[in-house]
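Residues per chain are reported as follows:
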Amino acid sequence: MAALCNILLRAKRRWCILSPAAWRRQSCGCLLSTSAPRSAEFYDDPVAAVRDIPDGATLLVGGFGLCGIPENLIGALLKTGVKGITAVSNNAGVDNFGLGLLLHTKQIKRMVSSYVGENAEFERQYLAGELEVELTPQGTLAERIRAGGAGIPAFYTPTACGTLIEEGGAPIKYNRDGGIAIASEPREVREFNGRHYIMERGITGDFALIKAWRADRAGNVVFRKTARNFNQTMCKAAKVTLVEVEEIVETGTFAPEDVHIPGIYVQRVVKGRHYEKRIERLTLRKSGDDQPKATSEADIVRERIIRRAAMEFQDGMYANLGIGMPMLASNFIRADITVHLQSENGVLGLGPYPKEGEEDADLINAGKETVTVLPGASFFSSDESFAMIRGGHVDMTMLGGMQVSQFGDLANWMIPGKMVKGMGGAMDLVASADTKVVVAMEHTAKSVHKILEKCTLPLTGKRCVNRIITEKAVFDVCKDKGLTLIEVFEGVTVDEVRKSTGCDFTVSPSLQPMSQV
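## Quick look at the overall build of the protein chain
Across its full length, the protein chain holds 14 helices and 33 strands. In summary, the protein chain has a C-alpha radius of gyration of 26 Å against a globular reference of 24 Å for 517 residues, a match within 12%. Principal axes of the C-alpha set define a box for the protein chain whose edges measure 100 × 55 × 50 Å. By the burial criterion, 53% of the 517 residues in the protein chain qualify as buried. For the protein chain, the computed accessible surface area is about 23400 Å², with 50% contributed by carbon and sulfur atoms. Each charge class in the protein chain was averaged separately, 61 positive and 62 negative side chains, and the resulting centres sit 6 Å apart.

Here it is, written out as structure tokens:
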């Protein structure tokens, strides 16, 4: 009995046990508390927030292009001079902004990214053997980070089956003579329900550098528009998460259902002193929204492809459009149909380009262009975006191509040793068996065949293309039987198509003139 009394006394002190009368008079919050809350630390100086990041640390750095990057925290790393960084980030900004600044100072040893893009210094250091680059499909990168944050060590994905990612041997680091110093490892492959999947490992970081819009004093975080991207996922996958924000508000300002990241994931909050919010590709809609008329031969060819590609849109369709001609096809969507455009950086319901003065640095598409959204649009994180894509919820994806094989293999991301832009989200976009894949491209490149028996460049996807649209013709692709010519442009003969095509094809008995919007 004495032992039981001691237990009850200790419990009373710990749990604030109250009599029924006392309970009626007040509500004791500590009834539901087993330990002191771990509050986020708040900093005015970003340098102080990053000062303990050591050489050789793995950093998860949020952002997509220049949208939603932690400008102040990156600037602080320049001041501390930390070296040997492994930076996990979708891309590395541009030459003179974002992570590109840390590339210039040689503070980054390895990039784990999906896209090199237009960062010339990034590409130069990689090809010169000065920088290790682990190129990873964008959706796989997002899912690896999500898995790491959720305590999942590995998972299987259909993305990149049959490519260099599966086979291994992709150059992570070049020798100075152009040979491969470090190559990627092959992936484990398993079959589920008749399809092949490769195993990918989760990613975690020592620190996550995050850009958000607002935080409250409890460490809860809210993002703004497409600046959510990789930021939301990375918050959950590091030992220490540092969030820089534009505004700090009092606890209770956010309704609980409006919180994007709960404070449990956030260790440090920094109020940003200055934001440039540079726009990578300011793209505006001219008043009147008139389409410029094609004048050069090259423009005429491109517009022909674009106008035919726009015929693929159907009423009510969810579609994802790649950079270049595919995205331009959205300018020719017929007025009598509704197409819901999805962009892999985290938006569904893309609208037209903004008019001058309406642009918003926190609202871009996957091509880093300024955009608007339509009524009913939604924003979400990168891992959510690729769940839509891999899960087959997108009806059609349209991409450009460097090469397509007669059985639908696609190559569009790399010329080994010469040009590396990265695969971005393309490998994920062609991975779903339930999504129609349309390739819009010029028929040849300087008289060199682009439609071939077998692709000679590293593949983006294997037997994934359903239709090819060029300035000369339209082909349907059967993964077992090959190509069928279904349309030719006015004035182009079947013999001309054969001469400019590097493989055999069947001519449809109902061959039609190429349609145009």
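Following the structure, the description resumes.
## Thoughts on the pairing of strand S31 (residues 473-478)
Of the strand pairs in this sheet, strand S30 (residues 467-469) and S31 are connected by three bridges, and their pairing is antiparallel. By the bridge assignment for S31, Arg467 is matched with Asp476. Relative to strand S32 (residues 482-488), S31 is paired through six bridges, and the arrangement is antiparallel. Each bridged residue has a counterpart across the sheet, and for Val474 the counterpart in S32 is Glu487. From the end of S31 to the start of S32, which pair antiparallel, there are three residues.

## Focus on the sheet that holds strand S12 (residues 214-216)
In space, the three strands of this open sheet follow the order S13-S12-S15, with mixed pairing throughout. Taken across any chain shown, the strands that pair with only one partner, and hence form the sheet edges, are strand S13 (221-222) and strand S15 (247-249). The pairing of S12 with S15 spans three bridges and is classified as parallel. The residue of S15 that forms the bridge with Ala215 is Ile248.

## Examining the environment of Val47
Tracing the sequence through the fold places Val47 in helix H3 (residues 46-50). On the basis of relative accessible area, Val47 is assigned to the buried category, the value being 14%. The sequence separation of Val47 and Thr80 amounts to 33 residues, and the corresponding C-alpha distance is 7.2 Å. Once you skip the residues sitting within four places of it in the chain, Val47 turns out to touch Ala76, Lys79 and Thr80.

## Thoughts on the packing of helix H7 (residues 138-149) against helix H12 (residues 382-390)
The relative placement of two packed helices comes down to the angle between their axes together with the axis-to-axis distance. Axis separation between H7 and H12 bottoms out at 9 Å; the angle between their running directions is 125°. Of the possible angle classes, the one that applies to H7 and H12 is oblique. Handedness of the crossing formed by H7 with H12: left-handed. Of the residues in H12, those in contact with Gln138, Gly139, Thr140, Ala142, Glu143 and Arg146 of H7 are Ser382, Asp383, Phe386 and Arg390. For the contact of H7 with H12, the class distribution of residues is two nonpolar, four polar and four charged.

## A closer look at the sheet that holds strand S17 (residues 318-321)
Spatially, S20-S19-S18-S17-S21-S26-S30-S31-S32-S33 is the arrangement adopted by the ten strands of the open sheet, whose pairing is mixed. Across the chains shown, the open sheet's two edge strands, defined by having one partner strand only, are strand S20 (373-379) and strand S33 (506-513). With direction set aside, neighbouring strand axes in the sheet form an average angle of 25°.

## Side note on unusual backbone geometry
Even without a glycine there, the phi angle at Ala160 is positive, about 75°. Within the fold, Ala160 resides in the loop between strand S6 (154-157) and helix H8 (164-167). With a relative accessible area of 4%, Ala160 lands in the buried category. Within the chain, Asn193 stands out as a residue other than glycine whose phi angle is a positive 50°. Checked against the element boundaries, Asn193 lands in the loop between strand S9 (189-192) and strand S10 (195-201).

## Description of helix H10 (residues 297-309)
Spanning 13 residues, H10 covers 18 Å between terminal C-alpha atoms, matching the ideal 18 Å at 1.5 Å per step. All buried positions along H10 are accounted for by Val301, Arg304, Ile305, Ile306, Arg308 and Ala309. Those residues of H10 that are buried lie in contact with helix H11 (325-328), strand S21 (396-399), strand S26 (436-440), S30, S31 and S32.

## Here we look at H7
Across its twelve residues, H7 extends 17 Å between first and last C-alpha, which sits within 8% of the 16 Å expected from 1.5 Å per residue. Residues Gln138, Gly139, Thr140, Leu141, Ala142, Glu143, Arg144, Ile145, Ala147 and Gly148 constitute the buried set of H7. Phi turns positive one or two residues past the end of H7, at Gly151, with a value near 80°.

## Some points on the environment of Phe475
By the secondary structure assignment, Phe475 is in strand S31. Separated by 266 residues in the primary sequence, Phe475 and Leu209 have C-alpha atoms spaced 46 Å apart. What Phe475 contacts, discounting residues up to four positions off in sequence, is His443, Ile451, Asn466, Arg467, Ile468, Leu483, Thr484, Leu485, Val497, Thr501 and Phe505.

## Focus: the nonpolar core
The nonpolar side chains of a soluble globular protein tend to be buried with one another. Judged by nonpolar contacts, the single largest core of 42 residues is most densely connected at Ile53, Leu59, Leu99 and Ile108. With four residues, the single largest contributor to this core is helix H4 (residues 71-80). Setting aside residues up to four positions removed in sequence, Leu99 forms contacts with Val61, Ile74, Ala87, Ser89, Asn91, Ala92, Ile108 and Met111. Ranked by size, the runner-up nonpolar core spans 29 residues in total, among them Leu341, Leu363, Val371 and Met398.

So, how was this worked out
Residues numbered from 1 in each chain as written. Predicted model: local features only at pLDDT ≥ 70, side-chain atom pairs only at ≥ 80, totals over all residues. Heavy atoms only, no water. Helix = DSSP H or I, 4+ residues; strand = E, 2+ residues; numbered from the N terminus. Rg over C-alpha atoms; globule rule 2.2 N^0.38 Å. Buried < 20%, exposed > 50% of the residue type's maximum accessible area, 1.4 Å probe, protein only. Areas by Shrake-Rupley, 256 points an atom, 1.4 Å probe, with all protein chains shown as cover. Lys, Arg positive; Asp, Glu negative; His and termini not counted. Charge placed at Lys NZ, Arg CZ, Asp CG, Glu CD. Pairing = 2+ DSSP bridges. Contact = heavy atoms within 4.5 Å. Axes fitted to C-alpha atoms, helices over the stretch in contact; angles between N-to-C directions. Parallel < 35°, antiparallel > 145°, perpendicular 65-115°, else oblique. Left-handed = near helix turned anticlockwise from the far one by under 90°. Nonpolar A, V, L, I, M, F, W, Y, C, P; charged D, E, K, R; others polar. Expected span 1.5 Å × (residues − 1). Core = buried A, V, L, I, M, F, W, Y, C linked by side-chain atoms within 4.5 Å.

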